[in-house]
Amino acid sequence: MHIKTGELVTPGDKLGAHEEWMPGDGTYERNGFVFAKVFGRVRFDEDKLEAVVDAVNPVSTVKEGDVIYGTITDRRGALATMDITLIEGKSRTVRTYKEGTIHISKISNDYTENIEDMYLKGDIVRAKIIQVEPSIQLTTMGKSFGVVRGYCFNCRRGMGLQGNTLYCEWCERRERRKLSTLYGKIKLKDK
Ligand SMILES: [Zn+2]
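Residues numbered from 1 in each chain as written. Predicted model: local features only at pLDDT ≥ 70, side-chain atom pairs only at ≥ 80, totals over all residues.

Visitor: Quick question: what am I supposed to make of the sheet that holds strand β14 (residues 160-162) here?
Guide: One open sheet holds the three strands; their spatial order is β14-β15-β16, and the pairing between them is antiparallel. Of all strands in the sheet, those with a lone pairing partner are β14 and β16 (173-175), marking the two edges. For this sheet, the mean angle separating the axes of adjacent strands, direction not counted, is 40°. Here three bridges tie β14 to strand β15 (residues 165-168), and the two strands are oriented antiparallel to one another. Bridge pairing links G160 to Y167 in β15. (Pairing = 2+ DSSP bridges. Helix = DSSP H or I, 4+ residues; strand = E, 2+ residues; numbered from the N terminus. Axes fitted to C-alpha atoms, helices over the stretch in contact; angles between N-to-C directions.)

Visitor: Looking at this structure, how should I read the domain arrangement of the protein chain?
Guide: Quoted interface sizes are often the accessible area lost when the parts come together. Partitioning the protein chain into domains gives domain 1 (8-55) and domain 2 (67-175). Just the C-alpha atoms count here: the centres of domain 1 and domain 2 sit 24 Å apart. Opposite the four residues of domain 1 that make contact, domain 2 presents five residues. (Domains from an automatic or database assignment. Contact = placed C-beta atoms within 7 Å.)

Visitor: Hey, could you run me through the nonpolar core in this one?
Guide: In terms of nonpolar packing, the biggest core is built from 24 residues, with I68, Y119, V125, A127 and V147 touching the most fellow members. In terms of residue count, the dominant contributor to this core is strand β9 (residues 79-87) (five residues). In this structure A127 touches I68, G70, I102, L138, T139, T140 and F145, once residues within four positions along its chain are discounted. L8, V9, A51 and V53 belong to the second-largest nonpolar core, a separate cluster that totals eleven residues. (Core = buried A, V, L, I, M, F, W, Y, C linked by C-beta atoms within 7 Å. Buried ≥ 20, exposed ≤ 12 C-beta atoms within 10 Å, placed from the backbone.)

Okay, here's the thing in structure tokens:
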């Protein structure tokens, strides 16, 4: 798998080896590799030998039924809040951040007792819009919805998938989430 200039990436996507590319704006370097730090479009600058991610501005309009990606910003009581960043399958230019909420009853097809067992602040989640006005409401019911990238509570590194749980190889730590079947497979390519 090789990421090319112009492709959309999510935070944590590996862009290349450090000996090949310097980490530019919107990226970071870790263990000899350059990773995307923001949602955006990759640019490999051949002159500066730099990998850059130009952040895409977030969605301007969303409608019921849109499948979106965003980052969990808060969990409180029966609600998880997220910043909506991208609409799946569209590469239109977008303007202002939109906030959406997921009610505890709409997290999973199974009963959710505690929202904090399902989502952690910083998780990247694939969700569907079920209501736009007066506020954006989302659902993550269904197998393909839920966390597509999760970060370790302890060290904040991206976690791998092991069976039905997430695993941090540095901390040797397991964490539970409402996972999407697309975990680790999302590339958000342009159509
Ligand atoms: Zn960790």
